[in-house]
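The residues making up each chain are set out below.
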Amino acid sequence: MNRTAYSASSPIRSNQTILMRLGAVILALALCVGAVPRSAFAEGPGISSAADEQVAGTATLTIVYGLGMDGSPTIVVNKTYGFADGATVDDLFAAAKAAGDIKDYTFSGGYLSSVTTSGGATAANEADYSLYWASYKNEAYASGTDAQGSEKLVDAVSYQFAWASSPTATAPADWQPLVDDATESSQVAGGSVSTGDAATLTIVGGIDYDGEPIVVANKTYRFADGATVDDLFAAAKAAGDIEDYEFEDTGYGPSLVAVTAKGGSEVHNASNGSLYWAAYKDCRYAGGVEGQKNEALVNEVTYQFAWSSYPTAVAPSDWAAIVAAAGEGSGVATGSGSGDEAYFPIDLDSASYGRLFGSIAASFAGTADPWEALDLAAIGNGSAVDREGLIAEARAALASLDRTNIQKAILALTALGIDASTIADADGTSLVDALGSTPMATESINGKLFALLAYRAAARGASADATLSSAASTASGVEETLLEEVLASQKPDGGFAYSGSSADADVTAMAIAALAPYRGDARIESALESALAALRGLQREDGGFPMTVAGGYEDRSNVNSTAMAVIALAAVGIDPASSWVVESGATPMSALLSFADSSQAGFLYGGSANEMATEQGFRAMAAYQGLKNTGAAYNVYLQAVDGVAGLPGAADGEGSVADGGSGGLAQTGDPTSAASAAALSLCALAGAALALRKRSRPARPSGVR
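In this report, the structure presented in the accompanying data block is examined. (Residues numbered from 1 in each chain as written. Predicted model: local features only at pLDDT ≥ 70, side-chain atom pairs only at ≥ 80, totals over all residues. Heavy atoms only, no water.)

**Re the overall build of the protein**
Scanning the protein from N- to C-terminus turns up 20 helices and 27 strands. For the protein, the proportion of its 705 residues judged to be buried stands at 54%. Sequence-distant contacts in the protein: of pairs separated by 6 or more residues, those separated by 24 or more amount to 67%. (Helix = DSSP H or I, 4+ residues; strand = E, 2+ residues; numbered from the N terminus. Buried < 20%, exposed > 50% of the residue type's maximum accessible area, 1.4 Å probe, protein only. Contact = heavy atoms within 4.5 Å.)

Below, the structure is given as structure tokens:
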């Protein structure tokens with residue numbers, strides 16, 4: 001993300017007086033058209049010499065472009081720069097660029113996305129983040145907004161950026177334990193008659209987040225006379241241990257270039273050689289023709305293949321030693337000096353709200369992404385989803401190592417009316433079966449939470465008689481176990497978190513949405529009451545919710561955490577636009593919409609357009625619309641299949657309610673008309689926006705952006 005700065009000559013600032021005088025008029029008009037806030041920013045990092053700026057402190061910038069063949073870090077930059085008051089991480093990079101230490105850089109969505117070295121070589125994040133720039137602060141992995149472009153620099157703090165991979169593309173440190181665990185296959189390599197000799201094939205698709213090898217295949221096969229490494233792979237394919245493979249002459253002989261794991265997930269060498277399959281023989285790096293396609297198999301020899309990267313896309317094991325050797329950089333990093341002073345919320349009227357809703361919905365057309373598919377189904381536009389592509393993604397999830405891919409696939413399919421239990425791999429293992437038999441899917445707290453939602457969705461999608469709500473006493477054995485584990489993980493303050501002893505806004509909100517379908521059980525009611533109290537306690541002055549960072553919470557809210565909170569509130573029947581109003585007059589919904597971009601095309605994270613923020617923000621908008629349109633608690637994960645969360649009266653493709661009727665809001669039980677209820681809801685948002693404006697201008701608290 002480029003650093004957010006504020007120009008004193010901005011048109012926004014020059015119109016301050018006019019806007020204040022029009023405040024009363026706008027509030028009156030809101031009774032007819034409604035208004036909600038969004039954020040407007042001006043950008044522009046600056047650099048000047050030490051002679052021009054007073055140095056407020058120093059910060060160290062270290063950039064490492066992977067590890068060399070000998071395991072030593074490839075250092076791009078390792079300098080300490082002075083900085084002026086208000087300077088950011090973005091400015092630190094700008095100082096390095098001005099000094100000639102790097103040629104260029106970019107931030108996207110708040111995170112470093114590319115670096116061009118002083119020699120002109122560029123390393124940019126891959127779209128799927130298989131290769132990316134990882135951020136560290138004071139030698140620890142960065143969390144929250146740490147090391148993002150807009151983070152204000154602090155004296156004596158060091159920032160590190162390492163070329164990394166996901167999963168970590170490197171071989172296991174020790175092959176032997178894996179080889180020792182190999183099991184024997186009945187398949188014969190190279191023919192039908194075995195000589196009695198055997199060879200072991202071990203394929204590892206990288207290293208997971210816990211540092212454990214991702215084992216694709218690990219079997220010992222008997223082989224026929226004259227069998228080759230190619231025959232060994234063919235035996236693995238015939239046995240169903242892998243789905244496919246490919247050897248290709250890369251200039252050094254026919255080497256392994258692709259493996260398709262059981263379940264359909266293909267991993268193929270990158271065209272530039274940055275990611276590739278490395279060969280090993282008897283647990284050492286292969287040389288010459290070893291491990292190549294036509295090498296003849298030898299009895300009791302083991303062959304290993306590891307997903308790898310060049311340069312090795314792994315952070316250094318010892319940042320401290322590198323930082324200690326940092327040199328002194330020239331120039332001073334500086335901001336514009338206006339800081340937060342020029343921030344003023346701008347009204348987003350009901351027409352703009354509709355454009356935001358419709359623009360995002362239209363941008364999802366033709367998608368095969370599970371979350372985007374669920375969103376489109378929720379607003380009645382499920383026909384715009386690439387169903388075949390989504391089913392293919394779902395099958396790939398069976399072989400995926402992501403912790404929530406199976407859950408997302410189940411939720412998306414059932415939202416489109418597809419029975420997830422009918423989607424299976426070549427062995428007949430369905431998505432629902434895999435959810436209960438894949439440890440990684442439910443080892444984390446968010447995995448458990450989305451597994452509960454997936455089981456409820458699958459049950460509803462598979463049976464016309466299944467009800468949306470179910471007491472824990474009637475849940476399946478797996479669900480009951482998951483419920484017990486989730487309840488046992490509740491923190492002393494009533495919230496939930498990935499780690500630590502205090503509530504995390506994102507996880508607590510996820511837990512509320514996941515537990516809501518099980519209401520009626522006293523344990524669940526108690527847990528929900530405590531979780532809601534914990535979430536309310538994390539609400540910020542702008543009405544939104546913050547990310548958890550090391551040692552506490554961010555001062556500011558962010559769109560992703562706020563979106564999760566809006567979804568949670570809708571799931572338990574709390575209106576996020578009129579409830580949970582803070583002193584400033586803001587609500588969770590007004591806070592969410594304050595992150596909309598100026599063109600009403602998506603949501604911003606850290607001041608920059610961000611696809612994940614846009615999807616999660618839209619998911620929250622759909623949850624809110626579902627609540628308003630039905631007049632009751634609305635769980636977007638389970639009720640998306642109903643297609644009732646579109647904008648009332650919107651045209652097809654712009655968030656319409658696909659019911660064949662007028663698209664009006666459902667009655668909520670009081671005599672107020674649906675249209676009036678919608679207007680009043682938008683008025684509440686408008687009032688919150690004006691209250692925020694009136695409050696924030698005189699005080700301009702540093703913690704609110």
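**So, the packing of aromatic side chains**
One pass over the structure, following the stated rule, counts 23 aromatic pairs. Ring plane angle 85 degrees and centroid distance 5.5 Å describe the contact between phenylalanine 450 and tyrosine 637, whose orientation is recorded as edge-to-face. Taken as a pair, phenylalanine 450 in helix H12 (residues 445-462) and tyrosine 637 in helix H19 (residues 636-639) lie far apart in primary sequence, 187 residues in all. Judged on exposure class, the residue phenylalanine 450 and its partner tyrosine 637 are both buried. Residue placement shows arginine 619 over the ring face of tryptophan 371; its charged tip is 4.0 Å from the ring centre. (Phe/Tyr/Trp six-rings, centres within 6.5 Å; stacked < 30°, edge-to-face > 60°. Lys NZ or Arg CZ within 6 Å of the ring centre and 35° of its normal.)

**Details of helix H10 (residues 405-415)**
By the criterion of burial, H10 is predominantly enclosed, with 10 of the 11 residues buried. Among all positions of H10, only Ile406, Gln407, Lys408, Ala409, Ile410, Leu411, Ala412, Leu413, Thr414 and Ala415 are buried. One or two positions beyond H10, positive phi appears at glycine 417, with a value near 80 degrees.

**So, the sheet that holds strand S16 (residues 242-249)**
Read from one edge to the other, the open sheet built from three strands follows the order S16-S17-S18, with strand pairing classed as antiparallel. Each of the sheet's edge strands pairs with one partner strand only, and the pair in question is S16 and strand S18 (266-268). In this sheet, neighbouring strand axes are inclined to one another by 20 degrees on average, regardless of whether the strands run parallel or antiparallel. Pairing between strand S17 (residues 254-261) and S18: three bridges, direction antiparallel. Following the sheet pairing, threonine 260 is matched in S18 by glutamate 266. Sitting on the sheet, helix H5 (residues 229-238) is in contact with S16 and S17, with an inclination near 160 degrees to S16. (Pairing = 2+ DSSP bridges. Axes fitted to C-alpha atoms, helices over the stretch in contact; angles between N-to-C directions.)

**Describing the sheet that holds strand S19 (residues 275-281)**
Strand order across the open sheet formed by six strands is S13-S15-S14-S21-S19-S20, with mixed pairing between neighbours. Both outer strands of the open sheet, strand S13 (183-189) and strand S20 (284-285), are each paired with one neighbouring strand and no more. Bridge count for S13 against strand S15 (residues 213-223) is four bridges, and the pairing is parallel. By the bridge assignment for S15, threonine 183 is matched with lysine 219.

**Concerning helix H14 (residues 505-515)**
A large share of H14 lies buried, amounting to 11 of its 11 residues. By the burial criterion, the buried members of H14 are Ala505, Asp506, Val507, Thr508, Ala509, Met510, Ala511, Ile512, Ala513, Ala514 and Leu515. At the N-terminal end of H14, a side-chain oxygen is found 2.9 Å from the backbone nitrogen of aspartate 506, two or three residues along, and the residue is aspartate 504. (Polar contact = N/O pair within 3.5 Å; in protein donor to acceptor, adjacent residues only side chain to side chain.)

**Quick look at unusual backbone geometry**
Of the consecutive residues serine 166 and proline 167, the connecting peptide bond is found in the cis state with omega at -5 degrees. Examined against the element boundaries, proline 167 turns out to sit in the loop between strand S12 (157-165) and helix H4 (176-180). The omega torsion across tyrosine 310 and proline 311 is -5 degrees, close enough to zero to call that bond cis. Within the element layout of this structure, proline 311 appears in the loop between strand S21 (302-309) and helix H6 (319-324). Despite not being glycine, glutamate 139 shows a phi value in the positive range, around 70 degrees. Within the element layout of this structure, glutamate 139 appears in the loop between strand S10 (131-137) and strand S11 (140-141). Looking at glutamate 139, the relative accessible area reads 34%, which means it is partly exposed. The backbone of alanine 156 sits at a positive phi, close to 70 degrees, despite the residue not being glycine. Structurally, the position occupied by alanine 156 is in the loop between S11 and S12.

**As for the pairing of strand S14 (residues 198-207)**
Most of S14 sits out of view: 10 of its 10 residues are buried. Where S14 and S15 come together, eight bridges link them in antiparallel fashion. Looking across to S15, one finds that valine 204 is bridged to valine 215. One ladder, built from five bridges, connects S14 with S21; its direction is parallel.

**Quick look at the environment of alanine 384**
Topologically, alanine 384 is positioned in the loop between helix H8 (370-378) and helix H9 (387-397). Residue classification places alanine 384 among the partly exposed positions, given a relative accessible area of 25%. Taking the C-alpha atoms as reference points, alanine 384 and glycine 366, 18 residues apart in sequence, are found 5.5 Å from one another. When neighbours within four sequence positions are excluded, alanine 384 is seen to be in contact with Ala365, Gly366, Thr367 and Leu376.

**Things to note about the pairing of S12**
Most of S12 sits out of view: nine of its nine residues are buried. Taking every second residue as pointing to the same face, both faces of S12 are buried, with Val157, Tyr159, Phe161, Trp163 and Ser165 on one and Ser158, Gln160, Ala162 and Ala164 on the other. When strand S5 (residues 55-67) meets S12, the two strands line up parallel, connected through six bridges. Residue pairing in the sheet places threonine 60 in a bridge with serine 158 of S12. Bridge count for S10 against S12 is seven bridges, and the pairing is antiparallel. Residue pairing in the sheet places tryptophan 133 in a bridge with tryptophan 163 of S12.

**Observations concerning the packing of H9 against H10**
One way to put it is that H9 packs onto H10 with a least axis distance of 9 Å and a crossing angle of 150 degrees. Our classification of the angle between H9 and H10 gives roughly antiparallel. As for how H9 packs across H10, the hand of that crossing is left-handed. Residue-level inspection shows Leu390, Ile391, Ala394 and Ala397 of H9 in contact with H10, the latter providing Asn405, Ile406, Ala409, Ala412 and Leu413. For the contact of H9 with H10, a count of residues per class yields eight nonpolar, one polar and no charged. (Parallel < 35°, antiparallel > 145°, perpendicular 65-115°, else oblique. Left-handed = near helix turned anticlockwise from the far one by under 90°. Nonpolar A, V, L, I, M, F, W, Y, C, P; charged D, E, K, R; others polar.)

**Focus on the environment of threonine 422**
Tracing the backbone shows threonine 422 in the loop between H10 and helix H11 (431-437). Of note is the side chain of threonine 422, whose polar atom sits 2.6 Å from the backbone oxygen of aspartate 419.

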